Structures are given as structure tokens and as C-alpha cells.
Amino acid sequence: AALRAGDGRAVDALQMLANQTAKKADEDAQRIVVDVEGDAIDREDSLVQLARRAAKRAIDSGRAIALDPMNPRDRRVIHLAVREGEDKVATMSIGSGRYRQVVVVPEGAPEYAEAIASSEGAIS
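Just so it is clear, the model here is predicted, and its values are computed rather than measured.

A few words now on the nonpolar core. Leu67, Ile78, Val82 and Val104 are the most contacted members of the largest nonpolar core, which totals 16 residues. With seven residues, the next largest nonpolar core counts Ala90, Val105, Ala109 and Ala115 among its residues.

Written as C-alpha cells, this is what we have:
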């Protein structure tokens, strides 16, 4: 069977298994990144665009925008893109496990202080 980029779940699973195996063999092993059909670059570009659209919608509406659940790597791209792109928005992650999602919060929204505090800590 061929591995295709698709929605990324198979690639994420393969990457997780590869990293777990590498860590068992050598505790200091470098992180393994699996990229299929050059999808990682395209995926990052589309996530940056998603982050920009979400930030604009949050600012325009004055309300927090919750994005679909995503893996830790994708959430990090969103957090960093919003942090680098807009001053009047912050991000935070909510939920757990595979249901964890990023929330883009505009200045003035009730969740803004929590999002600012969250963004000053670790990006998750």
C-alpha cells in the first residue's frame, strides 16, 4: 500500500511510531519528521493562512474563534502564525488529546486575559 499525504493521520501515526522506536533504541535520538509528497510545506502554508483568517474573523467579530481539533505540530504552527501576525489577538489551546484545539481570542473578549497568560507559557 502507498502512503499518501491525505488528511495527515496516517503520516502522524507513522511519525509517532518512528519516534517512539528511535527513543527506545537511543534516549538521545533526534526527532524524526515524516513528510509525504512534500505535504509538510503545503500544510504549513495552509495553516498559516487559516491562522490569519481566524485572527481577522476574531478581530472583526470581537469573539473568540475555536478551530477544529488538530495535532500538536499543527497547533504550534497556528500559535506562532497568530503571534507573529497580529498584535490584538492571542491564542490558547483547549481540550485534551486528539480533541485539543486552538482558540484565537481578540483583545477585549472575556477569554483574552487567559489567552495572554497561556501564550506566555509553553505553546501547546
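Turning our eyes to something else, we now look at the sheet that holds strand 2 (residues 89–94). Within a sheet, each strand pairs with its neighbour through backbone hydrogen bonds, oriented either parallel or antiparallel. The sheet built from three strands is open, its strands ordered 1-3-2 with antiparallel pairing. A strand with exactly one partner marks an edge of an open sheet, and here the two such strands are strand 1 (65–66) and strand 2. As defined by bridge partners, strand 1 adjoins strand 3 (residues 101–106) across two bridges and the pair is classed as antiparallel. By the bridge assignment for strand 3, alanine 66 is matched with valine 103. Relative to strand 2, helix 3 (residues 72–85) is tilted by about 165 degrees, and along the sheet it contacts strand 2 and strand 3.

On to the pairing of strand 2, then. One face of the sheet, then the other: side chains in a regular strand alternate in exactly this way. Counting buried positions along strand 2 yields five of six residues, so the element is predominantly enclosed. Sheet topology note: the strand 2/strand 3 ladder contains six bridges and is antiparallel. Residue pairing for strand 3: methionine 92 is matched across the bridge by valine 103. Linking strand 2 back to strand 3 in an antiparallel pair, the connection comprises six residues, with glycine 95 at a positive phi of about 85 degrees.

Time to look at helix 3. Turn by turn, an α-helix covers 3.6 residues, leaving residues three or four places apart pointing in a common direction. With 14 residues, helix 3 should reach 20 Å at 1.5 Å per residue; the first-to-last C-alpha distance of 20 Å fits that figure. A side-chain oxygen of the first residue of helix 3 lies 3.1 Å from the backbone nitrogen of arginine 73; this N-cap is asparagine 71.

Tallied over the full model, the rule gives two salt bridges. Between lysine 56 and aspartate 60 there is a salt bridge, and its shortest N-O distance comes to 2.7 Å. Pair noted here: lysine 56 and aspartate 60 are both in helix 2 (residues 39–61), with a separation of four residues, about one helical turn. We classify aspartate 60 as exposed; its relative accessible area is 56%. The partner of glutamate 107 in a salt bridge is lysine 88, and the shortest N-O contact between them spans 4.0 Å. Residue glutamate 107 is located in the loop between strand 3 and helix 4 (112–120), and its partner lysine 88 is located in the loop between helix 3 and strand 2; the two are separated by 19 residues in the primary sequence.

Our focus in this paragraph is the environment of isoleucine 78. Among the structural elements, isoleucine 78 can be located in helix 3. The contact partners of isoleucine 78, leaving out residues within four places of it in the chain, are Leu47, Leu50, Ala51, Leu67, Met70 and Val102.

What counts, and at which threshold
Residues numbered from 1 in each chain as written. Predicted model: local features only at pLDDT ≥ 70, side-chain atom pairs only at ≥ 80, totals over all residues. Heavy atoms only, no water. Core = buried A, V, L, I, M, F, W, Y, C linked by side-chain atoms within 4.5 Å. Buried < 20%, exposed > 50% of the residue type's maximum accessible area, 1.4 Å probe, protein only. Pairing = 2+ DSSP bridges. Helix = DSSP H or I, 4+ residues; strand = E, 2+ residues; numbered from the N terminus. Contact = heavy atoms within 4.5 Å. Axes fitted to C-alpha atoms, helices over the stretch in contact; angles between N-to-C directions. Expected span 1.5 Å × (residues − 1). Polar contact = N/O pair within 3.5 Å; in protein donor to acceptor, adjacent residues only side chain to side chain. Salt bridge = Lys/Arg side-chain N within 4 Å of Asp/Glu carboxyl O.

Purely spatial values, then, with no claim about function.
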